[in-house]
Amino acid sequence: MKLYASAWDDGEHMAEYLLVDGYNIIFSWPELNEFAENGNLDAARMKLMEMLSNYQGYYQSTVILVFDGYKVKNNPGTVEKYHNIYVVYTKEAETADQYIEKTNGSLARANQVRVATSDRLEQVIILGQGATRVSARELQKEMEEMKREIRKDYLHRPQLKRNSFIDNLDPEIAAVLEQMRLTEDPKEPPAGVKKKAEQQKRSKTKKKK
């Protein structure tokens, strides 16, 4: 896969992009920085990749996560597809900042580009190129908002199905179910339901005899 903008920009349609300075975000978010401080940078990277994959699924923008690879000797740089996001490891002698500046310079001409980093100098540069800056804290807030919305949708789903089910029932049966829902003692069914159950029980007993 190509290393720069041509890998994901067809040049014909305007799209929304989120470029993420991977290590800047890892060291800015406590839950990820904890992994790094304990010497488990791989776990921190994987966790961020999972989080951004969920982010892309919700917001539908093209997400490009960039990690520094400039200290790796003879490293040509790589672009990998992780689920629904792109993960870039920069080539030798190229920092994540430099990669983001170059990629943003190409993409921002005809697309909406946001860059997630808390590096002040980098923010100034990408603003000058026409992109929108997103601090590490702002991106974290978007993640938290996404989780709340997903949780809200999930919790409302059973209620919507339940209401739709009851709306299609015979009015008399719906009334019985509603009475069961409102009964003060959930262990004690409403009188009508209890009476019907006793009748069925007596009927089964007679058949056995």
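For the structure, see preceding data.
Note that this is a predicted model, so its numbers are computed, not measured.

What follows concerns the overall build of the protein chain. Each helix and strand counted, the protein chain has eight helices and six strands in total. When the elements of the protein chain are put in sequence order from the N terminus, they spell out β-α-α-α-β-β-β-α-β-α-β-α-α-α. For the protein chain, buried positions account for 34% of its 209 residues. Sequence-distant contacts, at least 24 apart, represent 54% of the contacts inside the protein chain between residues at least 6 apart. Split by element, the accessible area of the protein chain, about 13,700 Å² in all, is 51% carbon and sulfur.

In this section: the nonpolar core. Across soluble globular proteins, nonpolar side chains have a tendency to be buried as a group. Formed by 26 residues in total, the largest nonpolar core has its most connected members in Val20, Ile25, Ile26, Trp29, Leu48, Leu52 and Leu139. Sorting the residues of this core by element identifies strand S1 (16-21), helix H1 (22-28), helix H2 (30-37), helix H3 (41-59), strand S2 (62-67), strand S4 (85-89) and helix H6 (136-167) as the ones contributing at least two each. Looking at this core, the element that brings in the most residues is H3, giving six residues. Formed by 16 residues, the second largest nonpolar core is a distinct cluster that contains Tyr17, Leu19, Val115 and Ile126.

A sheet is described by the order of its strands in space; here six strands give the open sequence S3-S4-S2-S1-S5-S6, paired in mixed fashion. Each edge of the sheet is formed by a strand with only one pairing partner; in this case those strands are strand S3 (78-82) and strand S6 (132-134). If you compare each strand with its neighbour and ignore which way they point, the axes differ by 25° on average. Where S2 and S4 come together, four bridges link them in parallel fashion. For Val66, the partnering residue across the bridge sits in S4 and is Val88.

The set of residues buried in helix H5 (residues 120-128) consists of Glu122, Gln123 and Ile126. The arc that holds every buried residue of H5, seen down its axis, measures 100°, which confines them to one face. In H5, the exposed positions angled more than 90 degrees off the buried face are occupied by Arg120, Leu121, Val124 and Gly128. Contacts made by the buried residues of H5 are with helix H4 (96-107), strand S5 (112-116) and S6. At the N-terminal end of H5, a side-chain oxygen is found 3.1 Å from the backbone nitrogen of Leu121, two or three residues along, and the residue is Asp119. The positive-phi residue at the C-terminal boundary of H5 is Gly130, with phi of around 100°.

Let us now look at the pairing of S2. In terms of residue burial, S2 counts as a mostly covered element, since five of its six residues are buried. As paired strands, S1 and S2 are joined by five bridges and run parallel to one another. Directly across from Leu19, in S2, lies its bridge partner Ile64.

A few words on the packing of H2 against H3. Direction vectors running N to C along H2 and H3 enclose 155°, while the axes themselves pass 7 Å from each other. As summarised for this structure, H2 and H3 are arranged roughly antiparallel, according to the angle between their axes. Both H2 and H3 take part in a crossing whose hand is right-handed. Here Glu31, Leu32, Phe35 and Ala36 of H2 lie close against H3, whose contacting residues are Leu41, Ala43, Ala44, Lys47, Leu48 and Met51. Looking at the contact of H2 with H3 residue by residue, the classes come out as eight nonpolar, no polar and two charged.

Relative to the assigned elements, Ile126 resides in helix H5. Sequence separation between Ile126 and Val113 is 13 residues; the distance between their C-alpha atoms is 9.4 Å. The residues touching Ile126, leaving out its near neighbours within four places in the chain, are Ile100, Asn104, Val115, Ala131, Thr132 and Arg133.

Basis of the calculations
- Residues numbered from 1 in each chain as written.
- Predicted model: local features only at pLDDT ≥ 70, side-chain atom pairs only at ≥ 80, totals over all residues.
- Heavy atoms only, no water.
- Helix = DSSP H or I, 4+ residues; strand = E, 2+ residues; numbered from the N terminus.
- Buried < 20%, exposed > 50% of the residue type's maximum accessible area, 1.4 Å probe, protein only.
- Contact = heavy atoms within 4.5 Å.
- Areas by Shrake-Rupley, 256 points an atom, 1.4 Å probe, with all protein chains shown as cover.
- Core = buried A, V, L, I, M, F, W, Y, C linked by side-chain atoms within 4.5 Å.
- Pairing = 2+ DSSP bridges.
- Axes fitted to C-alpha atoms, helices over the stretch in contact; angles between N-to-C directions.
- Arc of directions from axis to C-beta.
- Polar contact = N/O pair within 3.5 Å; in protein donor to acceptor, adjacent residues only side chain to side chain.
- Parallel < 35°, antiparallel > 145°, perpendicular 65-115°, else oblique.
- Left-handed = near helix turned anticlockwise from the far one by under 90°.
- Nonpolar A, V, L, I, M, F, W, Y, C, P; charged D, E, K, R; others polar.

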